[in-house]
Structures are given as C-alpha cells and as structure tokens.
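# Chain and residue survey
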Amino acid sequence: MKKILFATTNPAKVNRFSKKLLEQGIELISLLDIDQKIDIEENGTTAIENALIKARSCYQAVGIPTMATDDTLFLEGVPTDKQPGVYVRRINGKRLSDEEEIEYYSNLVREYGKEGKLIAKYVYGLALVTKDKEQTYTWNSKDFYIIDKPSEKLQTGYPLNSISVDIKSGKYFTDIAPEEKDSSHDDRGAIDFIVKNSEEVIGN
C-alpha cells in the first residue's frame, strides 16, 4: 500500500482525508505516527505557499512523500486589517487555543455581523512533494455563516466548526454528516487530485 506523510500533528486534519484515501489504497500517516517534531515557519501569504512550506520541510526532514494543507478564511463585512486570511488561528502573533479561537470569532460576529452572523468562505491549498516533484491544488468552500452562539459540540482541531453553520440546512458543521455535504463544500476534488497524482509521484 502506498504511504503519504501528512505534514500535521492535528488528528482532525488527518481524519478529514484518511478514510477516503485508504479506500483508494493510500495510507495517510502524520507526524504523530513517526514521532518526529519539525519546526516550520509558516510565513507564506497564501494557503498554497504555506502548504508548500510545510510539505517541503517535512519531506526534507523525513524523506517520505509528503502532503500538506493550509486554509485561508475570508469574512464578509470585516475590515481588511481584521481579515484572518492565512492567520486563521494565529492572531496578533499568538496561536489561539480552540476555546480562544471560538471566542475571538464570536466577538467578530458581534462587532461586524448582521443578526448574529457573518458570511464566510474558506480557500484551501494542498501541496504534494517528493524528491523530484511538487504539485499543488486549491479549492474553495461554499459560503457559510459564522455565528456567535457555539454548538454544544466541540470538534478538536477544527474549533470554528462549532460556530459555523451551513446556509442551506441551517445546521452547525459539527452536526452535518459527511454524506450530507454537497460537492461544492467537501474535499472530493482534493481526494481525486491526490489519487490521480499518487502513482506518478509515489509509484506503486
């Protein structure tokens, strides 16, 4: 079975992709699985740049075909100087805990939202890196709401899912089953990209 190292220590990120990739004969392992700490300075200005920085650093350190992802977040009606962009969790130089992140974005909703909500969108970046090959892929989420009343459920590693609501169904992201997501809001394009390129990049 092919193996790809996911340049993350966040189990929620691994779970996001691992099941679908395993169905395609690709085992996804993380930095936790190889018990290796790698210091990475994520100083890119886009999701793709940060994904490449992480994937390159981990591949150079470990020598295993490596993928990495990064997110950028845009909030409608929020001033430019307060747009999270690539700094979804790092605010004013500090990496927020899950609880702090929920509180910070809830306060943004209270300050700039209308009727207790902001329209939001993610832009995702993915990089796949080996010795001789680098490939990238980007995709967007659907528009969704960020609100100021958290769900009772907390998804460790993805805390904003507790205050993110699907516009069509009105459900918190924490309450939406994978099969309920429509094709413009899931990761199937990214999965297809990894599978399509895995034979060329990783080999049999």
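Model, not experiment: these values are computed from the prediction.

### As for the overall build of the protein
Across its full length, the protein carries four helices and nine strands. The linear arrangement of helices and strands in the protein, starting from the amino end, is β-α-β-α-β-β-β-α-β-β-β-β-α. The C-alpha radius of gyration computed for the protein amounts to 17 Å, which stays within 12% of the reference 17 Å derived for 204 residues, consistent with globular compactness. For the protein, the C-alpha atoms occupy an extent of roughly 55 × 35 × 25 Å along the three principal directions. Out of the 204 residues belonging to the protein, those deemed buried represent 47%.

### Things to note about the nonpolar core
Ranked by size, the top nonpolar core spans 35 residues in total, and within it F17, M67, L73, L75 and Y105 carry the most contacts. Mapped onto this core, the elements with two or more residues apiece are β1 (2-6), α1 (11-23), β2 (26-30), β3 (66-75), α3 (98-112), β6 (117-129), β8 (144-147) and α4 (188-202). The leading source of residues in this core is β6, at six residues. With 13 residues, the next largest nonpolar core counts I29, I38, A51 and Y59 among its residues.

### Examining the environment of K117
Note that K117 resides in strand β6. When the C-alpha atoms of K117 and T174 are compared, they prove to be 17 Å apart, with 57 residues separating the residues in sequence. Aside from chain neighbours lying at most four places away, what touches K117 is V109, Y145, I146 and I147.

### Observations regarding the environment of I4
Position of I4 relative to the elements: it lies in strand β1. Classification of I4 by relative accessible area gives buried; the value is 0%. C-alpha of I4 to C-alpha of P65: the two residues are 61 residues apart in sequence and 5.4 Å apart in space.

### Remarks on the environment of S198
When you line up the elements, S198 lands in helix α4. The buried category is assigned to S198, whose relative accessible area is 2%. C-alpha separation for the pair S198 and K3, spaced 195 residues apart in sequence, amounts to 9.5 Å.

### Some remarks on the side chain of T8
Relative to the helices and strands, T8 is located in the loop between β1 and α1. According to the relative accessible area criterion, T8 is buried, its value standing at 9%. One polar contact links the side chain of T8 to the main-chain amide nitrogen of N10, over a distance of 3.0 Å. Contacts of T8, omitting those with residues within four sequence positions, involve K13, V14, S30, L31 and L32.

### Side note on the pattern of salt bridges
Going through the model one piece at a time under the given rule, you end up with 14 salt bridges. Several salt bridges converge on common partners, so that one network encompasses E42, K54 and D70.

### Things to note about unusual backbone geometry
Phi angles above zero are rare outside glycine, and N92 is one such case at about 55°. Residue N92 is classed as exposed on the basis of its relative accessible area of 80%. Positive phi values are uncommon outside glycine, yet E115 reaches one of about 55°.

### Structural notes on the packing of aromatic side chains
Summed over the entire model, instances satisfying the criterion amount to eight aromatic pairs. For the pair Y122 and Y124, a centre-to-centre distance of 5.6 Å together with 20° between the ring planes defines the contact as stacked. Both rings, one in Y124 and one in W139, keep their centres 5.0 Å apart while their planes meet at 35°; by these two values the pair is tilted. Of the two residues, Y124 sits in strand β6 while W139 sits in strand β7 (residues 134-140), which places them 15 residues apart along the sequence. For Y124, a relative accessible area of 10% gives the class buried. The ring of Y124 has R16 sitting right over it, with the charged end atom 4.6 Å from the ring centre.

Rules used throughout
- Residues numbered from 1 in each chain as written.
- Predicted model: local features only at pLDDT ≥ 70, side-chain atom pairs only at ≥ 80, totals over all residues.
- Heavy atoms only, no water.
- Helix = DSSP H or I, 4+ residues; strand = E, 2+ residues; numbered from the N terminus.
- Rg over C-alpha atoms; globule rule 2.2 N^0.38 Å.
- Buried < 20%, exposed > 50% of the residue type's maximum accessible area, 1.4 Å probe, protein only.
- Core = buried A, V, L, I, M, F, W, Y, C linked by side-chain atoms within 4.5 Å.
- Contact = heavy atoms within 4.5 Å.
- Polar contact = N/O pair within 3.5 Å; in protein donor to acceptor, adjacent residues only side chain to side chain.
- Salt bridge = Lys/Arg side-chain N within 4 Å of Asp/Glu carboxyl O.
- Phe/Tyr/Trp six-rings, centres within 6.5 Å; stacked < 30°, edge-to-face > 60°.
- Lys NZ or Arg CZ within 6 Å of the ring centre and 35° of its normal.

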